[in-house]
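# Commentary on secondary and tertiary structure
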Amino acid sequence: MREPQEHTTEINLGALGDVPCRVWYFYTPADPGRVSGPPENCYPPEPAEVEYTKFEIQLNETWVECPFENLDKDTQDSLEQSIIEAEEDRRAEAFVDAYERAHGCDYTDDWP
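Structure report, in brief. Every value quoted in this text rests on a predicted model; they were computed, and no experiment measured them. (Residues numbered from 1 in each chain as written. Predicted model: local features only at pLDDT ≥ 70, side-chain atom pairs only at ≥ 80, totals over all residues. Heavy atoms only, no water.)

### Some details on the overall build of the protein chain
Of the regular secondary structure elements, the protein chain holds 1 helix and 4 strands. The secondary structure elements of the protein chain, listed N-terminal to C-terminal, are β-β-β-β-α. The C-alpha radius of gyration of the protein chain comes to 19 Å, more than 25% above the 13 Å expected for a compact globule of 112 residues. The buried share of the protein chain, reckoned over its 112 residues, is 21%. Long-range pairs, those at least 24 residues apart, make up 47% of the contacts in the protein chain with a sequence separation of at least 6. By element, 49% of the accessible surface of the protein chain is carried by carbon and sulfur atoms, the whole surface being about 8,100 Å². Taken together, the 8 basic and 27 acidic charged side chains of the protein chain have centroids lying 6 Å from each other. (Helix = DSSP H or I, 4+ residues; strand = E, 2+ residues; numbered from the N terminus. Rg over C-alpha atoms; globule rule 2.2 N^0.38 Å. Buried < 20%, exposed > 50% of the residue type's maximum accessible area, 1.4 Å probe, protein only. Contact = heavy atoms within 4.5 Å. Areas by Shrake-Rupley, 256 points an atom, 1.4 Å probe, with all protein chains shown as cover. Lys, Arg positive; Asp, Glu negative; His and termini not counted. Charge placed at Lys NZ, Arg CZ, Asp CG, Glu CD.)

Shown next, in the form of structure tokens:
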């Protein structure tokens, strides 16, 4: 069974200002789809998905769990974008690390 990922960042809560938060989630990367070739082999692109399992904010040095749904839409979107960017960076770093181990060289050495 997959374990949820943890992401720590800051979000703006209006009158409270920027507040540290932690979120646990499952991430499904985007799929570019397939738009060429025989029609029976084609399928549309799908965006990345983030499924939240737990959300906490830090108030007065104490972590407090709160419903993700209580955040306004802009804050939810900002947090989701932060998670997607962090996941894409993590996946890119994992690709480079695997390439360098497999080829015994620095990934950038192979660029023209």
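### Brief notes about the sheet that holds strand β2 (residues 18-28)
Across the sheet, which stays open at both edges, the 4 strands sit in the order β1-β2-β3-β4 with antiparallel pairing between neighbours. Strands at the two margins of the open sheet, each flanked by one partner only, are β1 (5-12) and β4 (62-65). Between one strand axis and the next, the sheet turns by 35° as a mean value, whatever way the strands run. As judged from the 8 bridges shared by β1 and β2, these two strands associate in the antiparallel manner. Within the sheet, the bridge partner assigned to T9 lies in β2 and is C21. (Pairing = 2+ DSSP bridges. Axes fitted to C-alpha atoms, helices over the stretch in contact; angles between N-to-C directions.)

### Some remarks on the packing of aromatic side chains
Enumeration over the complete set of coordinates arrives at 2 aromatic pairs. With a centroid separation of 3.9 Å and 20° between ring planes, the pair formed by Y52 and F68 is classed as stacked. You can see Y52 sitting in strand β3 (residues 49-59) and its partner F68 sitting in the loop between β4 and α1 (73-103), a full 16 residues away along the chain. When the ring of F55 is compared with that of F68, the centres are 5.9 Å apart and the planes differ by 80°; the resulting orientation is edge-to-face. With F55 in strand β3 and F68 in the loop between β4 and α1, this pair connects stretches of sequence that are 13 residues apart. The same class applies to F55 and to F68, which are both buried. Aromatic rings pair up to connect Y52, F55 and F68 into one cluster. Positioned above the aromatic ring of W63, the side-chain terminus of R22 is 3.9 Å from the ring centre. One residue, K54, lies across the ring of W24, its end atom 4.9 Å from the ring centre. (Phe/Tyr/Trp six-rings, centres within 6.5 Å; stacked < 30°, edge-to-face > 60°. Lys NZ or Arg CZ within 6 Å of the ring centre and 35° of its normal.)

### Side note on the pattern of salt bridges
Within this structure, the stated rule accounts for 4 salt bridges. For D77, the salt bridge is made with K73, and the minimal N-O distance between the two is 2.9 Å. Of this pair, D77 and K73 are both found in helix α1, 4 residues apart, which corresponds to roughly one turn of the helix. When the shortest N-O distance is used, the salt bridge between R90 and E87 registers 2.7 Å. Note that R90 and E87 are positioned in helix α1 at a spacing of 3 residues, about one turn of the helix. On the basis of relative accessible area, R90 is assigned to the partly exposed category, the value being 42%. Bridged by salt links that share partners, the residues R22, K54 and E56 form one connected network. (Salt bridge = Lys/Arg side-chain N within 4 Å of Asp/Glu carboxyl O.)

### Some thoughts on the nonpolar core
I11, F55 and L79 are the most contacted members of the largest nonpolar core, which has 15 residues in total. Per-element tally for this core: the top contributor is β2, with 5 residues. Setting aside residues up to four positions removed in sequence, F55 forms contacts with I11, C21, R22, V23, V64, E65, C66, F68, L71 and L79. (Core = buried A, V, L, I, M, F, W, Y, C linked by side-chain atoms within 4.5 Å.)

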